[in-house]
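Coordinate inspection notes
What follows is the residue order along each chain.
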Amino acid sequence: MTQSIDFTAEATALADDLSALRRDLHRNPELGLSLPYTQKRVVEALDGLPLDITLGTDLSSVVAVLRGAQPGPTILLRGDMDALPVVESTGLDYASTNGNMHACGHDLHVSGLVGAARLLSAHQAELRGTVAFMFQPGEEGLGGAKIMLDEGMFETIGAKPDAAYAIHVAPGVAGTFVTRPGTVMAGANTLHVTMVGKGGHSSRPQDSVDPVRPVLEFGQALYSMITGSFSVFDPIVAEVTQLSAGEAVNVIPSTASLGASVRTLSAESTKRFPELATRLADSVAAAHGCTAEVVWNEQYPVTVNDAAEAQFALETLTSAFGPVRVVESPDPVMGSEDFSYVLEEVPGAFVFFFVSPEGADPETAATNHSAEVLFDDACLPDQAAALATLAWERSHR
């Protein structure tokens, strides 16, 4: 059997290059599915490596494929590339000034994946099977992973992967890897409810059918519905984040609406929630002489780690980095990820990597999506080594 490789030692030589790439991407963040500058920098960073590179058609993706000299499985490694419409206030000397920000650390994801490609390419002659590097736009709400799948990413790679892994940075004790078997992140969904009544003058409510009262009542009843209808062992987080009604203070509007973000931890809850919410909306509306219009959108599925692949990731990272730096999380995270689309097709694991700067208090550090969040790119060699190690060990086991 081929011996394991100490990618952590080899990755130290990449530290300056990976940090420079990350900081360049941080200065030039791009949104959504069209990331021409980011795509260009990725292709430049991969230049000279023995990779088959394919660019996306409907989005600025990059799929780079390393084909080992020996037969073996196909492994997918993913890094997302898009930023957020957040005005940065970190004070960094490489801070963005274009009104957008890599506030979720995707600049580190890109750089870490480039590092993994360099590490594994150096051992192509010993590599068994194929490693595909998935550089993905549009994670922040646009489902770029699904678009890449729909464009035929597996056909581009040449086979459906046998396993898939992704690492996502977050504030926390620097250098710590965290994952778990089963559900690791929630599904993201939106609920919009509009109560339709009859508008009129605020001085004569008896001549109108006020939609504001039922929309407020529904918003309160929604929380009771959750606690009374769903198990505490399959929790739901629902927050009403939008309220909209009339514009003039002396006019009863004809409609009033609310919007809610709903996070679910199972496919069963994702299916059942809109059924119960619609029944509740109809009942509340009828009690007030209104009708209800309900729109439910399943944005991202629940992110579910394959139990065997998650255990493999925990054991592999523990062997590479030591038990102090690897934690099995007891609970899922209520945030969401479109790597879920990949994990619906391929067994794999989604891993968190804590990268708060030295001296930062993990308990009080700004979180992902904050204009003040800080990530330490000194951790990039370990991130690259972790991805390379997962691919290598999975290919050679």
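The structure this text deals with has already been given above.
This write-up is about the structure you can find in this document. Everything numeric here is computed off the predicted structure, so don't read it as measured data.

What follows covers the overall build of the protein chain. Within the protein chain one finds 11 helices and 16 strands. Computed over its C-alpha atoms, the radius of gyration of the protein chain comes to 24 Å, within 12% of the 21 Å expected for a compact globule of 397 residues. Taken over the C-alpha atoms alone, the protein chain extends approximately 80 × 45 × 40 Å along its principal axes. Residue pairs in contact within the protein chain that sit at least 24 positions apart in sequence constitute 82% of those at least 6 positions apart. About 16,600 Å² of surface is accessible on the protein chain, with carbon and sulfur atoms providing 51% of the total. Distance from the positive charge centre (22 side chains) to the negative charge centre (50 side chains) of the protein chain: 4 Å.

Right, let's get into the layout of surface pockets. Counted as a void, the largest pocket has a volume near 860 Å³. Of all the elements in the fold, those that place two or more residues in the lining of the largest pocket are strand E5 (163-170), strand E7 (182-185), strand E13 (291-300) and strand E16 (348-354). For the lining of the largest pocket, the element with the highest residue contribution is E5, accounting for 3 residues. Residue composition of the lining of the largest pocket, by class: 18 nonpolar, 11 polar and 7 charged. Of the volumes computed, that of the second largest pocket is approximately 220 Å³. Contributing elements (two or more residues each) for the lining of the second largest pocket: strand E8 (187-196), helix H8 (267-287), E13 and helix H10 (339-345). For the lining of the second largest pocket, the element with the most residues is E13, which contributes 3 residues.

The contact between helix H2 (residues 15-27) and helix H3 (residues 36-46) brings their axes to 10 Å, and the two run at 170°. Relative to H3, the element H2 lies roughly antiparallel. In the packing of H2 onto H3, the handedness of the crossing is right-handed. Across the interface between the two elements, Leu 21, Asp 24 and Leu 25 of H2 pack against Tyr 37, Thr 38, Arg 41 and Ala 45 of H3. The residue inventory of the contact of H2 with H3, partitioned by class, reads 4 nonpolar, 1 polar and 2 charged.

The next subject is the packing of helix H7 (residues 212-229) against H8. Between H7 and H8, the least distance of the axes is 10 Å, while the angle of their chain directions is 140°. One element, H7, and the other, H8, form an angle in the oblique class. The crossing of H7 and H8 is right-handed. Note on element contacts: H8 touches H7 through Arg 272, Phe 273, Leu 276, Ala 277, Leu 280, Ala 281 and Val 284, opposite Pro 214, Glu 217, Phe 218, Ala 221, Leu 222, Met 225, Ile 226 and Ser 229. Partitioned by chemical class, the residues of the contact of H7 with H8 number 12 nonpolar, 1 polar and 2 charged.

The rules behind each value
Residues numbered from 1 in each chain as written. Predicted model: local features only at pLDDT ≥ 70, side-chain atom pairs only at ≥ 80, totals over all residues. Heavy atoms only, no water. Helix = DSSP H or I, 4+ residues; strand = E, 2+ residues; numbered from the N terminus. Rg over C-alpha atoms; globule rule 2.2 N^0.38 Å. Contact = heavy atoms within 4.5 Å. Areas by Shrake-Rupley, 256 points an atom, 1.4 Å probe, with all protein chains shown as cover. Lys, Arg positive; Asp, Glu negative; His and termini not counted. Charge placed at Lys NZ, Arg CZ, Asp CG, Glu CD. 1 Å grid on protein atoms, 1.4 Å probe; cavity = no way out; pocket = protein on both sides within 12 Å on 5 of 7 lines; lining within 4 Å. Points joined across faces, edges and corners; volume = space filled by probe spheres on them. Nonpolar A, V, L, I, M, F, W, Y, C, P; charged D, E, K, R; others polar. Axes fitted to C-alpha atoms, helices over the stretch in contact; angles between N-to-C directions. Parallel < 35°, antiparallel > 145°, perpendicular 65-115°, else oblique. Left-handed = near helix turned anticlockwise from the far one by under 90°.

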